[in-house]
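As a plain string of letters, each chain reads:
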Amino acid sequence: MKYLLIVVQLLFASSLYSQSTKRTIVPGLKCSMEVSDEFKLATRFNGFEHTSLNASIIVSLLRNPLERNVASVESDNMKAKGFNLVDKKEVLVSNNKAFLYELYTESKKGKVRKYFLVFGDSAKTIFIDAMAPDSNEVLCEKLKKVILTTMYDENMVEDPFASLGYSVNIDSSIFKVAKNSSTGVVYSNEEGNNPAFLSFSISSQAIKVKPKDEKEFAELKLKGLTSTDSMISVSINPITIHNLKGYIMESATISKTKKSSYNYQVFLYGAKENYYVMIGRSMSSMEVSRKTFEPIAKSFQLK
């Protein structure tokens, strides 16, 4: 039996390594890797996955210093969460110093091998999280080789909507991508929690249960996004954008820390039992919120 397992792994290795590779961009993250055809762009996260072999490569761009994230990986909290460090190496990635960690953890399906590749600077961290079944040594080695081909191009024109089925026009000289995922994008002007602060997010979601009252359903969803203790004022009205019907809600709210927020929110019903939500937030005034976010919301388009 052991001999048969070795033969199977060798055959698999031959198949895996004979695959031609091509450099593929992870949409919206200015990162690319050399992957074989068996690794597809993931639909649930930013990165790649090999669904039949339960392997994945998750790519994240974190807007905080490299040192902080390195310290987090090496902290006791990781072990408390069930991650056991096996090895740490200093490597070169994109001609920059990077740290490669090998770890393992236990899951319901058995032991899992993980590789963290971490690099960046004082303003950002590129964090690669690759995982595969620990029993498949060949696949684990393949994953490690793939992530070491990572290239980060600061000058790449970033299109966070590349893998999404919709887009909006937004001024990149004001707004920067704070987070993007397989369902949406979050922007901010990185000014912090002061009156000049602006943020905008857009996402798509599935409708799990068909609403009996569409306006009530939209209003409940929009109110649930304010994350505040109390609502000072609110208005909701019908709207149509790109032939999709929905509702616009403008609200003034106050948080637990007594910070006022002026929100311009749009809910649009999709054509396939789904909906799109946009929320713009200003700390200044409703006038600033409306002036800033109305043109962005009305630029929404399906691809």
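Residues numbered from 1 in each chain as written. Predicted model: local features only at pLDDT ≥ 70, side-chain atom pairs only at ≥ 80, totals over all residues. Heavy atoms only, no water.

Caption draft 1: Layout of the sheet that holds strand β5 (residues 55-62). One open sheet holds the seven strands; their spatial order is β3-β4-β5-β9-β8-β7-β6, and the pairing between them is antiparallel. A strand with exactly one partner marks an edge of an open sheet, and here the two such strands are β3 (40-41) and β6 (84-93). Strand direction decides the pairing type here: β3 and strand β4 (residues 47-50), joined by two bridges, are antiparallel. Bridge pairing in β4 places lysine 40 opposite glutamate 49. (Pairing = 2+ DSSP bridges. Helix = DSSP H or I, 4+ residues; strand = E, 2+ residues; numbered from the N terminus.)

Caption draft 2: Geometry of the pairing of β5. Note: β4 against β5, four bridges, orientation antiparallel. What sits directly across from glycine 47, in β5, is isoleucine 58. A loop of four residues connects β4 with β5, the two strands running antiparallel in sequence, and asparagine 54 in this loop sits at a positive phi of about 55°. For β5 and strand β9 (residues 125-133), the ladder comprises seven bridges, and the chain directions are antiparallel. Residue pairing for β9: serine 56 is matched across the bridge by methionine 131.

Caption draft 3: Region of interest: helix α4 (residues 137-147). The buried fraction of α4 is high, at eight of eleven residues. Buried within α4 are the following residues: Val138, Leu139, Cys140, Lys142, Leu143, Lys144, Val146 and Ile147. (Buried < 20%, exposed > 50% of the residue type's maximum accessible area, 1.4 Å probe, protein only.)

Caption draft 4: Spotlight on the side chain of serine 289. Considering the arrangement of structural elements, one finds serine 289 in helix α6 (residues 286-298). Residue class for serine 289 comes out buried when judged on its relative accessible area of 0%. Discounting chain neighbours no more than four positions away, the residues touching serine 289 are Tyr262, Asn263, Tyr264, Gly280, Ser282 and Glu294. (Contact = heavy atoms within 4.5 Å.)

Caption draft 5: Summary view of α6. In this model α6 runs 17 Å from its N-terminal to its C-terminal C-alpha over 13 residues, within 8% of the 18 Å that 1.5 Å per residue would give. At threonine 292, α6 is deflected by roughly 25°, the largest bend along its length, and proline proline 295 occurs up to four residues later in sequence. Within α6 the residues assigned to the buried category are Met286, Ser289, Phe293, Ile296 and Ala297. Close packing links the buried residues of α6 with β14 (198-206), β15 (230-241), β16 (244-254), β17 (260-269) and β18 (274-282). (Expected span 1.5 Å × (residues − 1). Bend = angle between axes of the 7 residues up to and from the residue.)

Caption draft 6: Summary view of the pairing of strand β13 (residues 184-188). With four of its five residues buried, β13 lies for the most part within the structure. Two elements, strand β12 (residues 176-180) and β13, share four bridges in a ladder whose sense is antiparallel. Bridge pairing in β13 places lysine 179 opposite valine 186. With antiparallel pairing between neighbouring strands as the criterion, β12 and β13 make up a hairpin whose turn holds three residues. Here β13 pairs with β14 via five bridges, running antiparallel. Looking at β14, one finds that serine 188 is bridged to serine 199.

Caption draft 7: Looking closely at the packing of aromatic side chains. The tally for this structure, following the rule as stated, stands at 13 aromatic pairs. Here phenylalanine 175 and phenylalanine 293 contribute two aromatic rings whose centre-to-centre distance is 6.2 Å and whose plane-to-plane angle is 50°, an arrangement assigned as tilted. Of this pair, phenylalanine 175 sits in the loop between β11 (166-167) and β12 while phenylalanine 293 sits in helix α6, placing them 118 residues apart in sequence. Comparing phenylalanine 175 with phenylalanine 293, the two get one shared label, buried. Three or more aromatic residues link up through ring pairs in this structure, and these residues are Phe161, Tyr166, Tyr276 and Phe300. Just above the ring of tyrosine 104 sits the side chain of lysine 111; from NZ or CZ to the centre is 4.2 Å. (Phe/Tyr/Trp six-rings, centres within 6.5 Å; stacked < 30°, edge-to-face > 60°. Lys NZ or Arg CZ within 6 Å of the ring centre and 35° of its normal.)

Caption draft 8: Layout of the side chain of serine 199. Tracing the chain through its elements places serine 199 in strand β14. We classify serine 199 as buried; its relative accessible area is 14%. Residues contacting serine 199, with those up to four places away along its chain left out, are Phe175, Tyr187, Ser188, Ile279, Gly280, Arg281 and Phe293.

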